[in-house]
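# Chains, contacts and geometry: an overview
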Amino acid sequence: MNLSKFFSLRTIASVGLLSFCIGFAQANPDSDWPKKPIKVVLSFPAGGSTDVFARAIMVPLGEALGQAMVIENKPGAGGMIGLGAAASAAPDGYTIHFSALTNQAISQALYKNPPADLRTSFAPVSLVGAVPHVLVVNPTVPAKNVAELTAFIKSRNGNFSYASQGNGTLSHLEAQVFMQRIGAAGVHVPYKGSSFALPDLIAGNTLMMFDSVTASLPHINSGKLRPLGIASSERSPLMPTVPTMAQAGMMKFDVENLFAIYAPKGTSPKIINRLESELRRIITNPDLKQRLANQGILLQFENAGKLAEVTNAEHDKWGKIVNAANIKID
């Protein structure tokens, strides 16, 4: 064969193959995903349970995907600021939302014009677990249990303040329901997460707070905070002597404080499936489960389909609770 003709044919074949590859990549933009760092939007500040939880999961997820997972904390408005930012991101697989699901279901019911909705603005990826809440007080408060705290609060005749992780959060709703149950009304002081609220509580500037076990545990262990009740159906193995709120006399005060991962609506199913698959492997790892359990984080994997059901159920549940309690954003 004539060499010039051979090289011409080879060049044509190479060009054809290159064109095919370019065409395939254009037709399948997620075929080589991910090829750059992925942003992970959180609705709470660094140092709180959401941040601790997210970082523990995102490190192994980034290793599995071969890209850095960049945490972006956007606290405020009961999680609505972070929710809106994540929902408005391009659905290209380079933004995901690590959601405090229960908090955001509550905020959805409390705020009049939420910027987005987990049920309609996102594609569910997977449920990742739960973090129980605990009722904590400053040790100078003369109360060793919930009954004594109730009596002390009533003796103050409204002259007291209590903290929360922010307006529209689970922490806020728990405190409001607690005050309604005992027939008291103090001053609610909302913060932008535990890392902002706890220093004031420790300093004695507020009287009590419902907070995550994860964020409060170091201060409980150091004696800077006193736990009075677990807002869950079961006691925490990290503080087995602390009763649940029901055991302390306040029935039907158990909460599943759920966390999950979502992607902006329109994200490719292939990307969703890849994320779900990697998260299943990470969440079910027994070593990670034990390590996070020691921090008050309970890992639990559920796939995208199940998460969609849980998301709807959480919004229905908390919508009814908010309406029944007639709680307003203050």
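Notes on the structure in this doc start here.

Attention now goes to unusual backbone geometry. A cis amide bond, omega -5 degrees, links W33 with the succeeding residue P34. Along the chain, P34 turns up in the loop between α1 (3-27) and β1 (38-42). Although it is not a glycine, N157 sits at a positive phi angle of roughly 50 degrees. With respect to the secondary-structure elements, N157 resides in the loop between α5 (146-155) and β6 (161-164).

Residue alternation in β6 divides its side chains into two sets, S161 and A163 and Y162 and S164, and both sets are buried. In this structure, β6 lies alongside strand β7 (residues 187-190), joined through four bridges in parallel fashion. Within the sheet, the bridge partner assigned to Y162 lies in β7 and is H188.

Glancing now at the packing of aromatic side chains. Under the definition given, this model contains seven aromatic pairs. Centroid distance F53 to F98: 5.3 Å. Interplanar angle 70 degrees. Geometry classified as edge-to-face. Taken together, the residues F53 in helix α2 (residues 49-65) and F98 in strand β3 (residues 95-99) connect sequence positions 45 residues apart. When sorted by exposure, F53 lands in the same class as F98, which is buried. With a centroid separation of 5.5 Å and 55 degrees between ring planes, the pair formed by F53 and F259 is classed as tilted. In this pair, F53 sits in helix α2 while F259 sits in strand β10 (residues 258-264), placing the two residues 206 residues apart along the sequence. Judged by relative accessible area, F259 falls into the buried class, the value being 1%. One aromatic cluster is present, built from ring pairs that chain together F53, F98 and F259.

Our next topic: empty space enclosed by the protein. What the rule picks out here adds up to one cavity of 30 Å³ or more. Of the pockets and cavities examined, the largest cavity occupies roughly 80 Å³. Counted by class, the lining of the largest cavity contains four nonpolar, nine polar and no charged residues.

This next bit is on the layout of surface pockets. Approximately 320 Å³ is the volume attributed to the largest pocket. For the largest pocket, the lining is made up of 22 residues, of which P132, S232, E234, E256 and L298 are closest to its centre. Among the residues making up the lining of the largest pocket, the classes are represented as eleven nonpolar, six polar and five charged. Each pocket or cavity is described by its volume, and for the second largest pocket that value is around 180 Å³. Around the second largest pocket, the lining residues are L170, L173, E174, V177, R181, K252, F253, D254, V255, K317, W318 and I321. Those elements that provide at least two residues to the lining of the second largest pocket are α6 (170-182) and α11 (304-325). Residue contributions to the lining of the second largest pocket peak at five residues, all from α6.

Before going further, it helps to spend a moment on the nonpolar core. Membership of the largest hydrophobic core comes to 36 residues, with the highest contact counts inside it found for F53, I57, M58 and F98. In terms of residue count, the dominant contributor to this core is α2 (seven residues). Residues within four places of M58 in sequence aside, it is in contact with V40, M69, I71, I96, F98 and I261.

Rules and cut-offs
Residues numbered from 1 in each chain as written. Predicted model: local features only at pLDDT ≥ 70, side-chain atom pairs only at ≥ 80, totals over all residues. Heavy atoms only, no water. Helix = DSSP H or I, 4+ residues; strand = E, 2+ residues; numbered from the N terminus. Buried < 20%, exposed > 50% of the residue type's maximum accessible area, 1.4 Å probe, protein only. Pairing = 2+ DSSP bridges. Phe/Tyr/Trp six-rings, centres within 6.5 Å; stacked < 30°, edge-to-face > 60°. 1 Å grid on protein atoms, 1.4 Å probe; cavity = no way out; pocket = protein on both sides within 12 Å on 5 of 7 lines; lining within 4 Å. Points joined across faces, edges and corners; volume = space filled by probe spheres on them. Nonpolar A, V, L, I, M, F, W, Y, C, P; charged D, E, K, R; others polar. Core = buried A, V, L, I, M, F, W, Y, C linked by side-chain atoms within 4.5 Å. Contact = heavy atoms within 4.5 Å.

Functional significance is not addressed by these values, which are geometric in nature.
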